[in-house]
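Okay, here's what each chain looks like letter by letter:
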Amino acid sequence: MDPKITIIKNIKRKKPILDRDPQFFNGIPIPSWIELSLIDTCNRSCSFCPKSDESIAPNTHQKMEDVLIDKLCSDLKKINFKGAFCLCGYGEPLLHKEHISIINKLGSVGQVEIITNGDTLNEKKLKEIYNSKASKLLISLYDGPEQMEKFKNMIDKTKLPKEFFILRDRWYSDKKDFGVRLTNRTGTIKIGKQEEVNINKKCYYSSYQVLIDWNGDVFLCPQDWQRRVTMGNIMQKSFFDIWNGNVLNKFRKCHLKGDRSLSPCNSCNADGMVYGEKHYKAWVDLSKHKKMA
C-alpha cells in the first residue's frame, strides 16, 4: 500500500465538506469544520504525536462535560451552523464514556466524523456508533497491515455499509512520514523529514475551522498542541463572539496577508492551505470593506 494514496483520497473526500461555499451570519463567514477534543487522554504513545512526550502532552484524564456540549449546540443553532464536527483533538475520543450521547447531540446540528485508533472497537461498538448520528468512522491503523484484515473482517461481520468506515494505513516508518501528513505541531515534534518553517506564508486554518478543548477553550487549529494562545472559552462567551472576536481576528488578519509571525504560528510548518480557500477569499473580501472586528 502507498500511504500517499490514502492521504490524497482523504483530502478529496473532505474537500466538498470543508471547501463548500461559506455560510454567513450577520455578514460574517462562519466555519465549516469544528474539531473537538473530548478527552485529554490517549492509550497510545505514537512517536510522531506530542502525546509521546509527557512533559508536553501528559494524559490529564480531563473530559468534556455535557453542559459544554449543550452550550455549543445551542450557540451553533443560533447562527444556523450547517458544517461538520470532527472528534479527535488531543486524545482518543472513544475513551470518553459518554461519546455516543455527545455524537447524537452534535449530530442534531451537523455531520460528525470520529477519528479513532480502533483499540476499543468490537462488533457491538461498531454497530452502536453506526446507529448513532455519526456520519463517518475513521480508524487509524498503527500496528501493521495485519490490522487491515482484522478490521475488514470485523466490519464484514456487522453487515453494515462499508462506506461508513474508512481504514487508514498509519503503520509506516519515518521514511514514509509514518503514513500521515507530518507536521511539527507548532515546533513540538522534530521526528521525521519535516518541512522548514516559513513565516511568510498564507494560512487558511483560521478562516474555516477551530479546535475546542475539553474545557471549552477555543484554539486556532489542531496544530497548537502546547495550547499557547486561547481565542476564548465557550462557557464564557458565545461561539460566534469568539469566532468573530478580537483575538481570533488578530491572527486571521495576519494569515490573510501571509504573515505567520505571531506565536504559535511562527513555529508552525503546516501547509495551512489544503482546505478552506473559499472561506479565505470570503474573509479577504470582508477585510477590504473593513468589517472585521
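Note that the coordinates shown come from a computational prediction; the quantities given were computed from them, not determined experimentally.

Novice: Describe the side chain of Ser132, naming the residues involved and giving the relevant values.
Specialist: Among the secondary structure elements, Ser132 is positioned in the loop between α4 (123-130) and β6 (136-141). In terms of polar contacts, Ser132 uses its side chain to reach the backbone carbonyl oxygen of Ile129, at 2.5 Å.

Novice: Describe the sheet that holds strand β8 (residues 209-212), listing the residues and the values that go with them.
Specialist: Taken together, eight strands build an open sheet; the order of strands is β7-β6-β5-β4-β3-β8-β9-β10 and the sheet is mixed. Since the sheet does not close on itself, it has two edges, and those belong to β7 (165-169) and β10 (232-233), each with one partner. Taken together, the four bridges between strand β4 (residues 84-87) and strand β5 (residues 111-116) define a ladder with parallel strand orientation. What sits directly across from Phe85, in β5, is Val112. Of the strands in this sheet, β3 (33-36), β4 and β8 are in contact with helix α2 (residues 66-78), which crosses β3 at around 175°. On the sheet, helix α3 (residues 99-107) packs against β3, β4 and β5 and is oriented at approximately 150° with respect to β5.

Novice: Give a detailed account of helix α5 (residues 146-158), specifying residues and quantitative values.
Specialist: The end-to-end C-alpha distance of α5 is 19 Å, a good match for the 18 Å that 13 residues give at a rise of 1.5 Å each. Listing the buried residues of α5 in full gives Gln147, Met148, Phe151, Met154, Ile155 and Thr158. Angular distribution of buried residues about the axis of α5 spans 135°; they occupy a single face of the element. Across from the buried face of α5, at angles greater than 90 degrees, the exposed residues are Glu146 and Lys157. Looking at the buried positions of α5, the neighbouring elements they touch are α4, β6 and β7. Count one or two residues on from α5 and you reach Lys159, which has phi positive near 60°.

Novice: Can you break down the pairing of β8 residue by residue, with the values?
Specialist: The alternating pattern of β8 places Gln209 and Leu211 and Val210 and Ile212 on opposite faces, both of which are buried. Direction of pairing for β3 relative to β8: parallel, over a ladder of four bridges. Of the residues in β8, the one forming a bridge with Ile34 is Val210. Of the strand pairs in this sheet, β8 and strand β9 (residues 217-219) are connected by two bridges, and their pairing is antiparallel. Counted as the bridge partner of Leu211 is Phe219 from β9. Between β8 and β9, which pair antiparallel and follow one another directly, the connecting turn spans four residues, one of which, Gly216, has a positive phi of 100°.

Conventions adopted
- Residues numbered from 1 in each chain as written.
- Predicted model: local features only at pLDDT ≥ 70, side-chain atom pairs only at ≥ 80, totals over all residues.
- Heavy atoms only, no water.
- Helix = DSSP H or I, 4+ residues; strand = E, 2+ residues; numbered from the N terminus.
- Polar contact = N/O pair within 3.5 Å; in protein donor to acceptor, adjacent residues only side chain to side chain.
- Pairing = 2+ DSSP bridges.
- Contact = heavy atoms within 4.5 Å.
- Axes fitted to C-alpha atoms, helices over the stretch in contact; angles between N-to-C directions.
- Expected span 1.5 Å × (residues − 1).
- Buried < 20%, exposed > 50% of the residue type's maximum accessible area, 1.4 Å probe, protein only.
- Arc of directions from axis to C-beta.

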